[in-house]
Amino acid sequence: RSCKLKLIRKFIFHYKNVRWARGRHETYLCFVVKRRTGPDSLSFDFGHLRNRSGCHVERKKLTHSLLLPILSPSLLFLRHLGALCPGLWGSSVDGARLCYSVTWFCSWSPCSKCAQQLAHFLLQTPNLRLRIFVSRLYFCDEEDSQEREGLRQLKRAGVQISVMTYKDYFYCWQTFVARRKRSFKAWDDLHQNSVRLVRKLNRILQPCETEDLRDGFTLLGL
DNA sequence: ATTTTCAAT
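A brief report on the enclosed structure follows. Note that this is a predicted model, so its numbers are computed, not measured.

Thresholds, definitions, all that
Residues numbered from 1 in each chain as written. Chains lettered and ligands numbered in written order. Predicted model: local features only at pLDDT ≥ 70, side-chain atom pairs only at ≥ 80, totals over all residues. Heavy atoms only, no water. Axes fitted to C-alpha atoms, helices over the stretch in contact; angles between N-to-C directions. Helix = DSSP H or I, 4+ residues; strand = E, 2+ residues; numbered from the N terminus. Parallel < 35°, antiparallel > 145°, perpendicular 65-115°, else oblique. Left-handed = near helix turned anticlockwise from the far one by under 90°. Contact = heavy atoms within 4.5 Å. Near = heavy atom within 4 Å. Polar contact = N/O pair within 3.5 Å; in protein donor to acceptor, adjacent residues only side chain to side chain. Nonpolar A, V, L, I, M, F, W, Y, C, P; charged D, E, K, R; others polar. Phe/Tyr/Trp six-rings, centres within 6.5 Å; stacked < 30°, edge-to-face > 60°. Buried < 20%, exposed > 50% of the residue type's maximum accessible area, 1.4 Å probe, protein only. Lys NZ or Arg CZ within 6 Å of the ring centre and 35° of its normal.

## Some thoughts on the packing of helix 1 (residues 2-15) against helix 8 (residues 166-177)
Each pair of packed helices gets described by two things: the angle between the helix axes and the distance between those axes.
Alright, step 1. Direction vectors running N to C along helix 1 and helix 8 enclose 150°, while the axes themselves pass 11 Å from each other. One way to sum up the angle between helix 1 and helix 8 is to call them roughly antiparallel. Both helix 1 and helix 8 take part in a crossing whose hand is right-handed. Here K4, L7, I8, F11, I12 and Y15 of helix 1 lie close against helix 8, whose contacting residues are Y169, C172, W173, F176 and V177.

## As for the protein's contact with DNA strand B
Alright, step 1. In the vicinity of DNA strand B lie 21 residues, with W20, P73, S109, Y138 and D141 positioned nearest.
Alright, step 2. Backbone atoms, meaning sugar and phosphate, make up 40% of the atoms of DNA strand B lying within 4 Å of the protein.
Alright, step 3. A distance of 3.3 Å is found between a sugar or linking oxygen of DNA strand B and a side-chain nitrogen or oxygen belonging to N51.
Alright, step 4. At 3.5 Å from a base nitrogen of DNA strand B is found a main-chain nitrogen or oxygen belonging to C111.
Alright, step 5. Its residues assigned to classes, the surface near DNA strand B shows 9 nonpolar, 7 polar and 5 charged.

## Overview of the packing of aromatic side chains
Alright, step 1. Applying the stated criterion across every chain, the model contains 17 aromatic pairs.
Alright, step 2. Aromatic pair F105 and Y171: ring centres 5.6 Å apart, planes at 40°, arrangement tilted. Placement of F105 in strand 3 (residues 99-108) and of Y171 in helix 8 is noted, with a sequence separation of 66 residues between them.
Alright, step 3. Aromatic side chains Y169 and W187 sit 4.9 Å apart centroid to centroid with 75° between the ring planes, which places their arrangement in the edge-to-face category. Of this pair, Y169 sits in helix 8 while W187 sits in the loop between helix 8 and helix 9 (190-220); the two residues are 18 residues apart in sequence, bridging distant segments of the chain. W187 matches Y169 in its accessibility class, with the two residues each being buried.
Alright, step 4. Of the aromatic side chains, those joined through ring pairs into one cluster are F11, Y15, Y166, Y169, F170, W173, F184 and W187.
Alright, step 5. A cation over a ring is seen here: R19 above W20, with NZ or CZ 4.3 Å from the ring centre.
Alright, step 6. One cation-aromatic arrangement involves R136 over W108; the distance from NZ or CZ to the ring centre is 4.1 Å.

As structure tokens, this is what we get:
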């Protein structure tokens, strides 16, 4: 029971979409894996991950920039992808590959390195569809930040990136935290913060759309 | 007005 309380506290602390997220030196990733079978998809697996800093020996040898992507939840997820999505890489009897659809709810948006590796991976795995909901944007204040570019890269790789809104927190609460035990109560400014972050993400991804538009124009010979 | 960030001590 106290374990459950701890989980609730952790969820609220790490997923709170506050403007100045002091002390959130961890990142959590809640995921849902669905196998797509025609028009409807079946829920296959779900769970959550946290970035791990388990390799203390390597820590001293690796630089921060090298270590970070290895231990991030998103790459931790990729490590377990084979187990989470059986048959993802295999070919089935009728030649068609199994299709999976994965949804993430991350407390921080991915760093540029992770985004880059993820995008690279996804372009090679067209039978995996990824949707990412983020609670807060990681290092996205600078106009020319690598993290902003990383998010655009993900979008170009077909990832649907969105900011978490009330319904997403509600869903996470019900699915990963307190299954129907107690109802989700929004914190102050949840909606306001979410609206601000939605606008910010839209501004970040905008150049991506104008680029696509330009590509479309050149294709049309305009 | 200003504050922070997948830590490093």
